[in-house]
Amino acid sequence: MNHERILAVHDISCVGRCSLTVALPIISSVGLECSVLPTAVLSTHTGGFKGFTYRDLTEDLVPIDEHWGTLDLKFGAFYTGFLGSFEQIDIVCRLFDDLSHEGTRIYVDPVMADAGKLYTVFGPDFPAGMRKLCERADVIMPNLTELSLMLGTEWIPGPYTHEYVDSMLERAREFGVKKVVLTGISFEQGMVGAVYRDFETGETGEVMRKEIPGYYHGTGDVFGSALVGACESGLTLAEAVEAAVNLTVSSIIRTYDSGADIRFGVDFEPGLADYIGEVSGSKRGITVTPVTDEDSLRIIASLANTVWREAYEGIVDRAQTAYMIERFQSYEAIRDQVDNRGYTYLLVRDGPRVAGYCGYVPDDRGLFLSKIYVHRDFRHKGVSSPVFEHLRTVARSLGKSKVYLTVNRGNEAAIRVYEHVGFEIVESADNPIGDGFVMNDYIMEMKV
Ligand code: PXL
């Protein structure tokens, strides 16, 4: 199993369904491990209850970080929300430094304001601090009030024109994030939803639903948690926003219909089954994910051990295959390639099942596809097409004009697959690989 922990950094409002009491169940519901770092403990959230208690946990955060340091803990993703004090912004940045690995994803919901107003617990310097946190993120999910405050522009009430929302999405580029999701957007009276843009792929869109009257606490957290759970399950941004909007809106409708006291948050729990179904339904299909964590690299090493023996049977003698596996595809060898030699490994899944992997490294000639292997059970199922598509995108983004690879001259099945996706044989090469072994290869190239 690819086992990566997500760290949710929010307050605990003991009653009122928001922040951690929402993040934990929603993220866990799709099979992901969610660790928590509480930023404050409140008897209830601050929206609508009088006399709530508030214990700021700023003092605890650094010792917790230090303890986790002694355990050599690294998180696969961070999801930050409501922070307990201004000082926590710098501490959370430090957590990102201390507890990330190379592939860690950072999701920041800059929780601090809504409907044009900063929450009363925060001072006027808070938006500038939150901006700093957003600048460390891969994905941010502000509402328009929060984005306006961080940009220092005036907030205006909706409905908005598409041009205006588009300009605000574009301004989020300034933060250096990969993706932005803007919540609480309305283009016409009676409709509300989220808009999104992926600055890397250009994917952009909106998910709009009928507006339900009333103000519902904690919906930003239901949305954010569902978005994180879906993205971390391998869904595209469009699919993740759709799943998050669906859970949020169904929860609001249920709450509205029941006439419940809306201060207690939205009735999201009965919607979890549909959310899980939507996430696991979308997960079906091929996903291609860059991995650097130990568990994933060990999965690759173990898969290589099976697939290489099979792939080279009858082509390369067994002693040479065993030597090649040990030298190039043991966990230690892969770790070294990733940490010190510029390699990226991609894990390829069909739904939740590991179907294959690939490893590449850019060099002067182009993007060198060093390894690509698909498990026997997943051959002829279209697994390799999304991988080659992914490689084309990577090559283009690195300014390379071709992807190239070496293939054993006796491996006719592989050569046919490569030709099918657009590779051509450009030369023959005999490469000694040590211990007296030689690889008798073709070099094949594909223009991107
Ligand atoms: O849902 C955002 C949120 C989180 N935590 C606390 C809050 C709020 C919004 O009011 O008060 C304590």
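See above for the structure.
Every residue gets a number counted from 1 within its own chain, in the order that chain's sequence is written. A pLDDT threshold of at least 70 governs which residues receive local features in this predicted model, and a stricter bar of 80 or more applies before side-chain atom pairs are shown or counted, although totals over entire chains, interfaces and linings include all residues. For the side-chain quantities, the full set of heavy atoms in the structure was used; hydrogens and water were omitted.

What follows covers the packing of aromatic side chains. Working definition: rings of Phe, Tyr and Trp (its six-membered ring) pair if their centres are within 6.5 Å, and the pair is stacked with planes under 30 degrees apart, edge-to-face with planes over 60 apart, and tilted otherwise. One pass over the structure, following the stated rule, counts 18 aromatic pairs. Pairing Tyr-160 with Tyr-164 gives two aromatic rings, centres 5.5 Å apart and planes at 25 degrees, and the pair type is stacked. Buried residues are those whose accessible area, probed at 1.4 Å on protein chains only, stays under 20% of the maximum for their type, while exposed residues exceed 50% and partly exposed ones sit between those limits. The buried category is assigned to Tyr-160, whose relative accessible area is 8%. Consider the rings of Trp-308 and Tyr-373, whose centres lie 5.3 Å apart with planes at 40 degrees: the pair is tilted. Note that Trp-308 is positioned in helix H10 (residues 294–312) and Tyr-373 in strand E15 (residues 367–374), a separation of 65 residues in sequence. In terms of burial, Trp-308 and Tyr-373 fall into one category: buried. Put simply, the rings of Trp-308, Tyr-312, Tyr-343, Tyr-345, Tyr-357 and Tyr-373 pair up and form one aromatic cluster. Where helices and strands are cited, they refer to DSSP runs of H or I of at least four residues and of E of at least two residues respectively, numbered from the N terminus.

Before going further, it helps to spend a moment on the pattern of salt bridges. The term salt bridge refers to a pairing of a side-chain nitrogen on Lys or Arg with a carboxyl oxygen on Asp or Glu at a separation within 4 Å. Using the criterion set out here, one finds 30 salt bridges in the structure. Two residues, Glu-135 and Arg-131, come together in a salt bridge whose shortest N-O distance is 3.0 Å. One salt bridge connects Glu-174 with Arg-171, and the closest N-O pair in it is separated by 3.2 Å. Classification of Glu-174 by relative accessible area gives partly exposed; the value is 43%. For Arg-171, a relative accessible area of 30% translates into the label partly exposed.

Now for the site of the ligand. The environment of the ligand is made up of Asp-11, Ser-13, Cys-18, Ser-19, Leu-42, His-45, Thr-46, Phe-82, Val-111, Tyr-119, Gly-218 and Asp-221. Counted as a polar contact is a pair of N or O atoms within 3.5 Å, where, for protein atoms, one must be capable of donating a hydrogen and the other of accepting one, and residues adjacent in sequence contribute only when both atoms are in side chains. Between an oxygen atom of the ligand and a side-chain N or O atom of Thr-46, the distance comes to 2.5 Å. Here an oxygen atom of the ligand sits 2.6 Å away from a polar atom, N or O, in the side chain of Asp-221. Areas reported as accessible are Shrake-Rupley estimates using a 1.4 Å probe. Residue values count occlusion only from the protein chains shown. Taken by itself the ligand offers 310 Å² of open surface, and the protein chains cover 93% of this. Class assignment of the residues belonging to the shell around the ligand gives a composition of five nonpolar, five polar and two charged. Residue proximity to a molecule or strand is established when one non-hydrogen atom of the residue lies within 4 Å of it. All amino acids are sorted into three groups, where Ala, Val, Leu, Ile, Met, Phe, Trp, Tyr, Cys and Pro are nonpolar, Asp, Glu, Lys and Arg are charged, and the leftover types, Gly among them, are polar.

Attention now moves to the nonpolar core. Soluble globular proteins: nonpolar side chains tend toward being buried together. Joining through side-chain atoms within 4.5 Å is the link that ties buried Ala, Val, Leu, Ile, Met, Phe, Trp, Tyr and Cys residues into a set, and such a set is a nonpolar core. Counting 48 residues, the largest nonpolar core has Leu-133, Ile-140 and Leu-182 as the members making the most contacts within it. With seven residues, helix H3 (residues 87–99) is the single largest residue contributor to this core. Should any heavy atoms of two residues lie within 4.5 Å, those residues are considered in contact. Among residues more than four places away in sequence, those in contact with Leu-182 are Pro-142, Asn-143, Leu-144, Leu-147, Val-165, Met-168, Leu-169, Gly-193, Ala-194 and Val-195. Counting residues in each nonpolar core, the second largest holds 43 residues, with Ala-8, Ile-26, Ala-77 and Ala-240 among its members.

Lines are fitted to the C-alpha atoms to define the axes, a helix being fitted only along its stretch in contact, and any angle between axes, read from their N-to-C directions, falls within 0 to 180 degrees. Close contact between helix H11 (residues 318–329) and helix H12 (residues 331–340) brings their axes to 5 Å; oriented N to C, the two are set at 40 degrees. In this view, H11 runs oblique relative to H12, as classed from their interaxial angle. Contact residues: H11 offers Glu-326, Arg-327, Phe-328 and Gln-329, while H12 offers Tyr-331, Ala-333, Ile-334 and Gln-337. Tallied by class, residues from the contact of H11 with H12 come to four nonpolar, two polar and two charged. Should an angle fall under 35 degrees it is called roughly parallel, over 145 degrees roughly antiparallel, and 65 to 115 degrees roughly perpendicular, with every other angle called oblique.

Structurally, the position occupied by Asp-441 is in strand E18 (residues 437–447). When charges are counted, neither His nor the chain ends are considered; positive counts come from Lys and Arg and negative counts from Asp and Glu. We note that Asp-441 is buried and unpaired, the nearest opposite charge coming from Arg-409 at a distance of 6.6 Å. At 3.4 Å, the side chain of Asp-441 and the backbone nitrogen of Asn-408 are in polar contact. Those residues within four positions of Asp-441 in sequence are excluded, and the remaining contacts are Thr-406, Val-407, Asn-408, Arg-409, Glu-427, Ser-428, Ala-429, Asp-430 and Asn-431.

Now for the sheet that holds strand E8 (residues 139–140). Paired strands, in this sense, are two strands between which DSSP finds at least two bridges. Spatial strand order, E3-E2-E1-E4-E5-E8-E9-E10-E11: nine strands in an open sheet with mixed pairing. Strands at the two margins of the open sheet, each flanked by one partner only, are strand E3 (54–56) and strand E11 (204–210). In this structure, strand E9 (residues 179–185) lies alongside strand E10 (residues 191–198), joined through five bridges in antiparallel fashion. Looking at the pairing, Ile-185 lines up with Gly-193 of E10.

Further remarks concern the packing of helix H7 (residues 219–232) against helix H8 (residues 237–258). Axis separation between H7 and H8 bottoms out at 8 Å; the angle between their running directions is 145 degrees. For the pair H7 and H8, the crossing hand works out as right-handed. Taking contact as the criterion, the partners of Thr-219, Val-222, Phe-223, Ala-226, Leu-227, Ala-230 and Cys-231 in H7 are, on H8, Ala-240, Val-241, Ala-244, Val-245, Leu-247, Thr-248 and Ile-252. Taken together, the residues of the contact of H7 with H8 break down into 12 nonpolar, two polar and no charged. Crossing chirality is assigned from the near helix's rotation relative to the far helix, an anticlockwise turn below a right angle marking it left-handed and a clockwise turn marking it right-handed.

Time to look at unusual backbone geometry. In the segment running from Gly-158 into Pro-159, the intervening peptide bond is cis, with an omega of -5 degrees. On the secondary structure map, Pro-159 appears in the loop between helix H5 (144–151) and helix H6 (162–171). The phi dihedral of Arg-17 falls on the positive side, at around 40 degrees, and the residue is not glycine. By the secondary structure assignment, Arg-17 is in the loop between strand E1 (5–15) and helix H1 (20–29). With phi around 55 degrees, Asp-72 is a residue other than glycine that occupies positive phi space.

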